[in-house]
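The lines below spell out each chain.
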Amino acid sequence: MLDVRFVRQNLEAVREALRSRGAEVDLDRFTQLDGRRRELLVEVEQLKSVRNRTSEEIAELKRAGVDAREKVLAMRRLSEEIKKLDGEIAGVEAVLTDFMLGVPNLPHQSVPFGRDEKDNAVVRSWGDPPAFEFEPKSHWDLGTSFDILDFKRGVKLAESRFTLLKGLGAQLERALINFMLDLHTREHGYVEVFPPILVNPGCMTGTGQLPKFAEELYRCADDDLYLIPTAEVPVTNIHRDEILDEDILPLKYTAYTPCFRREAGAAGKETRGVIRQHQFNKVELVKFARPEESYDELEKLTHDAEEVLQRLGLHYRVIALCTGDLGFSASKTYDLEVWMPSYNTYKEVSSCSNFESFQARRANIRYRTENKKVRFIHTLNGSGLAIGRTLAAILENFQREDGSVVIPEVLRSHMGGAEIIGK
RNA sequence: GGUGGGAUGGCAGAGUGGUUGAAUGCACCGGUCUUGAAAACCGGCAAGGUCGUAAGGCCUUCAGGGGUUCGAAUCCUCUUCCCACCGCCA
């Protein structure tokens, strides 16, 4: 959520920033609601001030044994008036809050201006795509031929976009999870957590999934709990409604969790393989940082995620999302895209973002500065990495002419020494 | 699921209708003392909103909602959460 006061005081700049990301927000409505709210507040607070003073006067009269009936009667009318105004304010505030929850974050000044993903900027790339002297196969064909990805049975157990991993496929998935967690905890200084996979609506509102993106979420209606679409949700909310001490910042967490997405708007898109699943695994990186450091921390976080791909030996590039392609809650985002031979292009395996105070304001996460001021913290997160897509990239990039796949060296110790996946 | 007990500031913990935004202790910050530290002593220490150029004023907040009252942390009511015991259970 944006700072109401900031919006009020920088209306035209906000209008411009929102336009740059292609968001249609009626800021005149904001001005109207905000103005009405403050108008009513001034009015009711004056009345309350009178009420408080008169209350004390009544108390004094009663203590002195003097009749206070007249004042009491006047107060009765005053209280009626206050109640009416309070109700009106609550109504206006509810509308205003609802409005603000639907306004996306403002892009950081360093974000390239653009309309959609075509305007994203390639920041850097690492490695080279493999040079095959044969026709490479897709990961779904490879996975099926090795009997490590069972798409048919995944559908039988649930529905489309669910996959059953078997044998070395399941082991490779697990090896990737462990490899990534080990890297981030032992070498990058993240604290490993394993959070609840079901969370309450407060968490979803805190990180920005609700109220706007409810149709993307799986919900357990009987309990009003949601399956998380990313570990970002529970991990960021760890410190909801807390005031953190400045000297523990930046706080860095990593978590492996399954993730669940309804992919409501993606019918017919990427239906083959494991690229777009309703359930997938992910290792997530989450940071809480002081505002003046958050952009440095974003660079570091992105590098931490890149390191995974480098150690696996997968060619990738780093993309800076343009204003028009930015996610709802983000101020700035880098995507890591790995080379995927079957698509003859790059596929996103990580999205690293700085949310500045957008989530912190929603989730009420603050910190105390050295001079004891309380301020909203900056939150960041990034995938480190999406497991399923990484597995797919390994199958495709490390396949050989004889139909087998070489397991990256860093994973072998996590797989009982296995070196090859083959028939 | 059943019964009972709870929810107060960063933490602990008083407070059952009228200077209680909230005692006291701890923690924290500043000072005195000390070669330094500790102890002791003195002082400070909630957040949010709103008006104001500012100084500062005012309002709100004792889990959350609703109610009683001139006035609610205190009374009533519903909800949520926590704890204990019972039942069930990986």
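Residues numbered from 1 in each chain as written. Chains lettered and ligands numbered in written order. Predicted model: local features only at pLDDT ≥ 70, side-chain atom pairs only at ≥ 80, totals over all residues. Heavy atoms only, no water.

Turning to the nonpolar core, a few remarks are in order. Within the largest apolar cluster, 51 residues are counted, with the highest numbers of intra-cluster contacts made by Leu 176 and Leu 411. In this view, Leu 176 contacts Leu 312, Ile 387, Thr 390, Leu 391, Ile 394 and Leu 411; residues no more than four positions away in its chain are not counted. By size, the runner-up hydrophobic cluster in this structure holds 29 residues, among which are Leu 33, Leu 40, Val 44 and Ala 68. (Core = buried A, V, L, I, M, F, W, Y, C linked by side-chain atoms within 4.5 Å. Buried < 20%, exposed > 50% of the residue type's maximum accessible area, 1.4 Å probe, protein only. Contact = heavy atoms within 4.5 Å.)

One pass over the structure, following the stated rule, counts 29 salt bridges. Note that Arg 15 is salt-bridged to Glu 12, the shortest N-O span being 3.1 Å. Taken together, the positions of Arg 15 and Glu 12, both in helix α2 (residues 11-20) and 3 residues apart, correspond to about one turn of that helix. On the accessibility criterion, Arg 15 (22% relative accessible area) is partly exposed. Across the pair Glu 307 and Arg 311 runs a salt bridge whose closest N-O atoms are separated by 2.8 Å. With Glu 307 and Arg 311 both in helix α10 (residues 294-312) and 4 residues apart, the pair spans about one turn of that helix. Its relative accessible area of 24% is what places Glu 307 among the partly exposed residues. A single salt-bridge network, built from bridges that share partners, covers Asp 147, Asp 150, Arg 153 and Lys 166. (Salt bridge = Lys/Arg side-chain N within 4 Å of Asp/Glu carboxyl O. Helix = DSSP H or I, 4+ residues; strand = E, 2+ residues; numbered from the N terminus.)

Here the focus is the sheet that holds strand β1 (residues 121-126). Strand order across the open sheet formed by 8 strands is β1-β11-β12-β13-β16-β10-β9-β4, with mixed pairing between neighbours. One side of each edge strand has no neighbouring strand; the edge strands of this open sheet are β1 and β4 (191-193). Strand-to-strand twist in this sheet, taken as the mean axis angle between neighbours without regard to direction, amounts to 25°. Taken together, the 7 bridges between strand β10 (residues 279-289) and strand β16 (residues 378-386) define a ladder with antiparallel strand orientation. Counted as the bridge partner of Lys 287 is Leu 380 from β16. The strands touched by helix α7 (residues 167-187) within the sheet are β4, β9 (251-260), β10 and β16, with β10 carrying the most contacts at an inclination of about 10°. Here α10 sits on the sheet and contacts β1, β10, β11 (316-320), β12 (332-340), β13 (345-354) and β16; the angle it forms with β16, its principal contact strand, is near 5°. (Pairing = 2+ DSSP bridges. Axes fitted to C-alpha atoms, helices over the stretch in contact; angles between N-to-C directions.)

Moving on: the packing of aromatic side chains. One pass over the full model with this rule turns up 8 aromatic pairs. Ring centres of Trp 339 and Tyr 346 lie 5.0 Å apart, and the angle between their planes is 75°; this geometry places the pair in the edge-to-face category. For Trp 339, a relative accessible area of 13% puts it in the buried group. By the ring-pair criterion, three or more aromatic residues cluster together here, those being Phe 213, Phe 328 and Phe 358. Positioned above the aromatic ring of Tyr 190, the side-chain terminus of Lys 252 is 4.9 Å from the ring centre. Above the face of the Tyr 343 ring, Lys 347 is positioned so that its terminal group lies 4.3 Å from the ring centre. (Phe/Tyr/Trp six-rings, centres within 6.5 Å; stacked < 30°, edge-to-face > 60°. Lys NZ or Arg CZ within 6 Å of the ring centre and 35° of its normal.)

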